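# An overview of the molecular structure
Here are the chains, one letter per residue:
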There are 4 protein chains.
Amino acid sequence: MAMVCLLDFEAYAEKYLPKIAWDFFAAGADECSTRDENILAYKRIRFRPRMLRDVSMLDTRTKILGTEISFPVGIAPTGFHQLACPDGEKSTARAAKAMGTCYIASTYSTCSLEEIAAAAPGGFRWFQLYIHRNRAVSRQLVQQAEALGFQGLVLTADLPYTGKRRNDVRNGFQLPPHMKLKNLEGAFEGNDRSEYGLPPNSLDPSVTWDDIYWLRSLTHLPIIIKGILTKEDAELAVRHGVQGIIVSNHGGRQLDGAPATVSEKMDHSSGTKSGNRGYCQCSR
Amino acid sequence: MAMVCLLDFEAYAEKYLPKIAWDFFAAGADECSTRDENILAYKRIRFRPRMLRDVSMLDTRTKILGTEISFPVGIAPTGFHQLACPDGEKSTARAAKAMGTCYIASTYSTCSLEEIAAAAPGGFRWFQLYIHRNRAVSRQLVQQAEALGFQGLVLTADLPYTGKRRNDVRNGFQLPPHMKLKNLEGAFEGNDRSEYGLPPNSLDPSVTWDDIYWLRSLTHLPIIIKGILTKEDAELAVRHGVQGIIVSNHGGRQLDGAPATVSEKMDHSSGTKSGNRGYCQCSR
Amino acid sequence: MAMVCLLDFEAYAEKYLPKIAWDFFAAGADECSTRDENILAYKRIRFRPRMLRDVSMLDTRTKILGTEISFPVGIAPTGFHQLACPDGEKSTARAAKAMGTCYIASTYSTCSLEEIAAAAPGGFRWFQLYIHRNRAVSRQLVQQAEALGFQGLVLTADLPYTGKRRNDVRNGFQLPPHMKLKNLEGAFEGNDRSEYGLPPNSLDPSVTWDDIYWLRSLTHLPIIIKGILTKEDAELAVRHGVQGIIVSNHGGRQLDGAPATVSEKMDHSSGTKSGNRGYCQCSR
Amino acid sequence: MAMVCLLDFEAYAEKYLPKIAWDFFAAGADECSTRDENILAYKRIRFRPRMLRDVSMLDTRTKILGTEISFPVGIAPTGFHQLACPDGEKSTARAAKAMGTCYIASTYSTCSLEEIAAAAPGGFRWFQLYIHRNRAVSRQLVQQAEALGFQGLVLTADLPYTGKRRNDVRNGFQLPPHMKLKNLEGAFEGNDRSEYGLPPNSLDPSVTWDDIYWLRSLTHLPIIIKGILTKEDAELAVRHGVQGIIVSNHGGRQLDGAPATVSEKMDHSSGTKSGNRGYCQCSR
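Residues numbered from 1 in each chain as written. Chains lettered and ligands numbered in written order. Predicted model: local features only at pLDDT ≥ 70, side-chain atom pairs only at ≥ 80, totals over all residues. Heavy atoms only, no water.

### Quick look at the relation of the copies chain C and chain D
The second copy of the chain is related to the first by a rotation about an axis and a shift along the axis. The cut-off we apply is this: We superpose the copies by least squares over the C-alpha atoms of residues that have a pLDDT of at least 70 in both of them.
Expressed as a screw operation, the relation of chain C to chain D combines 0.1 Å of axial shift with a rotation of 90 degrees, fitting to an RMSD of 0.1 Å. Taken together, the rotation and translation relating the two chain copies correspond to the operation of a four-fold axis.

So this is what it looks like as structure tokens:
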């Protein structure tokens with residue numbers, strides 16, 4: 001089976017993964033309108049190609065918050081990589097390093113931050129954070145990530161509650177017993193791990209812009225907010241002193257009915273004014 | 001079979017109901033353009049989600065004509081519930097009370113208004129009225145509903161004649177002999193019950209805005225008009241002193257070619273000016 | 001098989017007609033874009049229904065060039081009815097009379113004009129004319145139609161050449177030997193009847209607006225031009241003194257790429273100014 | 001199998017060609033959005049047909065760069081005709097001459113320019129050029145084409161690199177061993193012919209508008225640039241003194257996401273000002 005394009009990898013995964021794992025990776029929230037629109041919006045883009053330019057020297061390198069990457073695509077934070085591959089996030093870290101781009105490791109990794117850092121020493125990595133009701137858990141993770149050489153802190157802002165992914169509910173999605181959310185082992189009491197490997201309602205839905213100052217007090221890392229979809233929130237991000245935003249609808253896995261990431265008509269001027277501030281667009 | 005979303009209930013119903021009952025519930029008029037557009041119009045709605053708000057306390061309560069409901073969705077009037085469940089409208093009344101919202105009982109219920117009222121004492125209920133050529137029938141129903149504690153009178157305005165639902169014609173739809181339109185037992189002479197359990201042409205197609213005054217003379221209940229689709233009619237509703245309107249195309253079962261309820265571009269200003277006047281949007 | 005709507009008749013015809021006959025009736029030109037758009041354009045129409053009007057008395061009668069019809073739909077000219085029914089156009093004439101509307105009999109009928117007239121005495125009928133290179137044929141038909149009591153002359157303007165209906169070419173469409181174009185028997189020499197029952201190229205592609213004056217010299221019947229799709233041509237029709245136009249793209253059987261009849265944005269003011277002039281819209 | 005329209009030829013080819021050849025001819029780049037949009041854009045075109053014109057004399061002749069062709073359609077340059085027919089481009093040349101139109105012979109023909117010229121003496125032909133890194137190859141081809149009587153030089157501007165046609169990659173597309181790119185035999189050293197019959201990266205991606213002057217120095221033939229999709233490039237073409245442009249997205253085989261050729265909203269005024277300059281639109 002030749003792997004010629006992303007669709008080939010997708011078909012391969014659907015064929016060889018257990019249904020419960022495939023459904024988890026492929027999920028969108030509710031009717032999946034936003035997930036599907038994410039793809040369709042790309043197809044509607046039309047280029048205006050110019051001809052007879054000297055394109056013998058191509059250079060796709062760019063910088064993201066001051067660090068060079070070899071092409072303008074990074075790896076968004078996603079959890080549970082061991083569902084797809086026994087090596088889990090260690091493989092992802094190695095691949096990102098090999099390709100010379102940024103890997104954002106998820107709070108919900110099935111490898112620990114130490115394992116990820118050790119798998120690809122010197123790789124360019126950010127750490128993605130969910131803030132839990134138990135703030136001590138979150139503080140410890142941020143500080144551990146900084147100590148391990150992660151170079152940015154990505155706060156996911158669009159998951160005060162988890163979106164309803166119908167197939168996960170139908171499948172009764174659970175992590176297999178031999179997989180753990182390694183970064184959160186021992187973080188919670190009791191044995192109920194029914195919500196994507198965590199106790200129900202462990203995430204803190206009361207997080208507001210003021211918590212950016214709390215995060216700032218924990219770390220010297222640049223702070224990037226992931227999940228911004230409006231001009232108003234981009235302006236608030238600037239006003240709260242963050243170093244970047246990631247435009248994202250969480251791959252259509254959170255609010256169904258949110259606009260496609262790539263067609264989002266947000267006014268970007270505020271988010272990109274300052275030279276050292278980043279602006280990314282995320283397919284997740 | 002996990003019941004995760006409305007579509008799951010729909011699939012369950014299609015699988016287990018007799019075809020004639022399913023076809024009746026699923027019907028749209030003629031080509032079903034309006035019925036289908038009702039769904040599609042929802043999918044075209046796009047949100048502009050804002051992030052990092054404290055959403056730890058969620059309150060979906062609202063008021064409808066002064067009465068609190070636990071969330072802004074009510075149960076539209078639909079007939080023939082015994083086709084789906086032996087307990088019929090009694091079950092619906094109990095469910096509405098349990099969920100803390102409004103149930104609009106249909107003239108064409110297969111349980112009587114007494115049975116409905118007794119099934120869920122203290123529940124918040126309105127009564128939906130079709131006006132028959134035999135006005136004595138309608139007057140009696142209105143007065144009975146008020147006496148039984150129904151708190152609103154909903155006049156359906158979009159059914160001077162019944163829409164042509166093709167599968168019902170093909171199936172020769174008839175109520176099974178053991179079901180009755182309990183509210184209309186003894187109301188009509190002769191034995192022909194071929195039009196949805198009633199004699200043909202029993203509805204009065206000459207009803208006009210002036211009949212609102214007649215209804216007002218019968219009852220102290222607030223009057224709500226269901227089936228309004230234009231700004232002009234909304235203004236007429238205000239001028240005739242009704243307490244509310246329900247924007248509805250009758251679930252696409254009446255005039256095929258009517259706009260989707262949720263995309264209706266009616267100017268709402270007139271209909272919502274007065275504090276005590278209601279405005280609802282109806283999927284039926 | 002219940003016949004509830006036009007689609008049911010269509011399905012019935014497709015099932016029971018010989019393929020060659022069905023393909024002929026269902027044909028559109030080339031890619032059938034216009035034929036299909038004719039249907040789709042209807043589905044895009046949205047009504048703005050008004051409520052609470054007295055609709056107990058419904059009257060669908062209207063007048064067409066001064067003659068009353070019972071509802072505003074007539075029967076467009078189509079040929080070869082014996083392909084569908086042994087009685088051919090005689091049945092159509094009887095049905096039109098029974099329904100109280102206008103039947104436009106085609107030049108390409110498989111019954112003669114006498115037979116059609118005799119089948120439904122006193123029926124309201126127009127005669128549709130194609131102008132042949134042999135003008136004597138056309139003159140005779142017009143005069144015969146007038147003598148037989150036809151009340152209007154419909155000139156088809158959109159068929160200087162016959163559209164390419166692919167399935168007819170693939171099927172090698174021919175009239176079965178026992179069917180004849182009765183109005184044209186003996187009108188042409190030789191035996192080649194390969195173009196829809198006629199010698200190839202028998203139609204006159206040099207017809208222009210000036211030929212309206214020729215037609216006027218032949219008959220006192222009102223002249224209606226069928227196939228107008230632009231404001232400019234509607235104005236020319238008025239200027240040439242015709243009594244009516246029929247907006248039509250020939251059911252999508254002629255120029256593929258013509259607009260849908262019902263969505264045609266032609267400015268109708270010119271064509272409908274004069275009280276005695278007609279304006280029809282044609283699905284054929 | 002009746003051959004009634006282009007789609008019939010397409011279906012015939014798909015049925016009888018080896019899959020690898022069909023896939024090559026049918027290919028679009030990447031997701032094939034542009035290839036598919038090329039067809040869809042045609043279907044969206046609507047005519048405004050005028051009636052009652054004398055169309056007995058039809059004349060489709062036109063001129064292209066001063067030479068008369070019998071109808072306004074030419075044959076775009078495409079390679080590898082022997083994949084479809086043993087006679088290869090010789091057949092195409094004969095057909096073009098028989099139809100009285102222009103044939104643009106591709107650099108990547110499986111017949112030599114001599115064979116093509118000899119197959120249809122006196123036919124109206126242009127030569128399509130790709131510029132190779134080895135400029136001597138290109139110079140020789142241009143001069144040979146002029147010597148053989150080709151009347152125009154078409155420079156393809158939209159292929160600095162070859163588009164990714166997924167099925168060709170999956171099929172490991174190679175020319176069968178008995179076919180050769182006859183115009184390029186002996187032009188390259190080594191044996192690697194893996195990129196559509198050529199050594200990898202043999203095309204020169206550094207070609208710019210200045211190379212027009214180099215081409216001009218090689219030949220007296222009119223120069224036409226194929227692949228222009230923007231007003232800006234059309235203006236540059238005029239400024240560099242070329243005699244014509246061909247609006248083309250290479251049949252959707254190069255940049256996926258380019259607009260449909262027929263819907264391209266380029267401002268044509270510049271490209272068509274001069275009487276002797278040509279403007280064509282290309283489906284390839």
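### Considerations on helix 9 (residues 231-239) of chain B
All names here are of chain B. Which entries qualify depends on this criterion: Only protein chains enter the accessibility calculation, which uses a 1.4 Å probe; a residue is then buried when its area is under 20% of its type maximum, exposed when over 50%, and partly exposed in between. Helix numbering and strand numbering both begin at the N terminus, where a helix is a DSSP run of H or I of at least 4 residues and a strand a DSSP run of E of at least 2. Our arc is simply the arc of the directions from the helix axis toward the C-beta atoms. Contact between two residues is taken to exist if any of their heavy atoms lie within 4.5 Å; hydrogens are not considered.
For helix 9, the complete set of buried residues consists of Asp233, Ala234, Leu236 and Ala237. One side of helix 9 carries all its buried residues, which in axial view fall inside an arc of 160 degrees. Residues of helix 9 that are buried sit in contact with strand 6 (223-228) and strand 7 (244-247). Downstream of helix 9 by a residue or two, Gly241 has a phi angle that is positive, lying close to 80 degrees.

### Quick word on the arrangement of the chains
For the non-touching pair chain A and chain C, the nearest C-alpha separation works out to 23 Å. Between chain B and chain D there is no contact, and the shortest C-alpha to C-alpha distance separating them is 23 Å.

### Considerations on the interface of chain A and chain D
So the rule is basically this: Buried area: the accessible surface (1.4 Å probe) lost by two parts on joining, summed over both. The rule for a salt bridge is simple: a side-chain nitrogen of Lys or Arg has to be within 4 Å of a carboxyl oxygen of Asp or Glu.
Between chain A and chain D, the residue contacts involve 19 residues of the former and 32 residues of the latter. Carbon and sulfur atoms make up 58% of the area that chain A and chain D hide from each other, which totals about 2,200 Å². Considering only the side of chain A, the residues that lose the most area to chain D are Val4, Met51 and Leu52 of chain A, jointly responsible for 34% of the buried surface there. Our count for the chain A to chain D interface comes out at 4 salt bridges.

### Notes on the pairing of strand 5 (residues 153-156) of chain C
Each regular strand carries side chains that alternate between the two faces of the sheet. Residue and element names in this part refer to chain C. To keep things clear, this is the line we draw: In this description, strands pair whenever DSSP reports at least two bridges between them.
In strand 5, alternate side chains face the same way, and those of Leu153 and Leu155 on one face and Val154 and Thr156 on the other are all buried. Summarising the sheet, strand 4 (residues 125-129) and strand 5 pair through 3 bridges and their orientation is parallel. Each bridged residue has a counterpart across the sheet, and for Gln128 the counterpart in strand 5 is Val154.

### Points about a nonpolar patch on the surface
Residue and element names in this part refer to chain A. The test is simple: Think of a patch as exposed residues, more than 30% relative accessible area, with no salt bridge, where like charges cluster within 9 Å and nonpolar side chains (Val, Leu, Ile, Met, Phe, Trp, Tyr) cluster within 5 Å. In this description, accessible areas are obtained by the Shrake-Rupley approach with a 1.4 Å probe, and a residue is regarded as covered only by the protein chains that are shown.
A contiguous nonpolar patch, built from Met3, Leu6, Phe9, Tyr12 and Tyr16 and spanning about 570 Å² of accessible area, is present on the exposed surface. Locating Met3 in the fold gives a position in the segment before helix 1 (6-16). Judged by relative accessible area, Met3 falls into the partly exposed class, the value being 32%.

### Things to note about the side chain of Asn249 of chain D
Residues and elements named next belong to chain D. Worth spelling out the cut-off: Polar contacts, as used here, are pairs of N or O atoms within 3.5 Å; protein pairs need one atom able to donate a hydrogen and one able to accept it. Residues neighboring in sequence count only if both atoms are side-chain atoms.
Among the structural elements, Asn249 can be located in the loop between strand 7 (244-247) and strand 8 (278-281). At a separation of 2.8 Å, a polar atom in the side chain of Asn249 contacts the side chain of Asn38. A distance of 3.4 Å separates a polar atom in the side chain of Asn249 from a polar atom in the side chain of Thr261.

### Quick word on the packing of helix 6 (residues 135-147) of chain A against helix 8 (residues 211-218) of chain A
All names here are of chain A. The following threshold applies: As a rule, the C-alpha atoms of each element are fitted with a line to give its axis, helices using only the stretch in contact, and angles between N-to-C directions run from 0 to 180 degrees. Any angle from 65 to 115 degrees is called roughly perpendicular, while one under 35 is roughly parallel, one over 145 is roughly antiparallel, and all others are oblique. We call a crossing left-handed when the near helix sits turned anticlockwise from the far one by less than a right angle, and right-handed when that turn is clockwise. In this classification, the charged set is Asp, Glu, Lys and Arg, the nonpolar set is Ala, Val, Leu, Ile, Met, Phe, Trp, Tyr, Cys and Pro, and all remaining amino acids, among them Gly, are polar.
One way to put it is that helix 6 packs onto helix 8 with a least axis distance of 10 Å and a crossing angle of 45 degrees. Here helix 6 lies oblique to helix 8, going by the angle between them. The interaxial crossing formed by helix 6 with helix 8 has right-handed handedness. When helix 6 is examined against helix 8, the residues Arg135, Ser138, Arg139, Val142, Gln143 and Glu146 are found in contact with a partner set consisting of Asp211, Trp214, Leu215 and Leu218. Partitioned by chemical class, the residues of the contact of helix 6 with helix 8 number 4 nonpolar, 2 polar and 4 charged.

### Observations regarding the pattern of salt bridges
Residues and elements named next belong to chain D. Counting across every chain of the model gives 60 salt bridges over all chains. Among the ionic pairs, Glu115 bridges to Lys182, the shortest N-O distance being 3.5 Å. Here Glu115, found in helix 5 (residues 113-119), pairs with Lys182, found in the loop between helix 7 (166-171) and helix 8 (211-218); they are 67 residues apart in sequence, far enough to count as distant. Here Lys182 falls in the partly exposed class, since its relative accessible area comes to 29%.

### So, unusual backbone geometry
Residues and elements named next belong to chain D. A positive phi angle is found at Leu65, which is not glycine, with a value near 50 degrees. Along the polypeptide, Leu65 turns up in the loop between strand 1 (62-64) and strand 2 (67-69). Residue classification places Leu65 among the partly exposed positions, given a relative accessible area of 21%. Here Phe80, not a glycine, exhibits a phi torsion of approximately 65 degrees, which is positive. Position of Phe80 among the secondary structure elements: in the loop between strand 2 and helix 4 (89-99). Phe80 sits in the buried class, given a relative accessible area of 2%.

### Remarks on the interface of chain C and chain D
Across the contact, 32 residues belong to chain C and 19 residues belong to chain D. For the pairing of chain C and chain D, the buried interface totals around 2,200 Å² over both sides, and the portion due to carbon and sulfur atoms is 58%. At the junction of chain C and chain D, the tally comes to 4 salt bridges. Here Asp8 of chain D makes a salt bridge to Arg170 of chain C, at a shortest N to O gap of 2.7 Å. At the junction of chain C and chain D, the tally comes to 9 residue pairs in polar contact (both at pLDDT 80 or more). The set of elements that each furnish at least two residues to the side of chain C that touches chain D consists of helix 3 (33-43), helix 7 (166-171), strand 6 (223-228) and helix 9 (231-239) of chain C. With 4 residues, the single largest contributor to the side of chain C that touches chain D is helix 9 of chain C.

### A closer look at the state of the cysteines
All names here are of chain C. We apply this condition: For this text, the term disulfide refers to a pair of cysteine sulfurs within 2.5 Å.
Evaluation of the coordinates by the stated rule reveals 0 disulfides over all chains. Of all cysteine sulfurs in the structure, the one in Cys85 sits closest to Cys111, which takes part in no disulfide; the separation is 8.7 Å. When its relative accessible area of 1% is taken as the criterion, Cys111 is described as buried.

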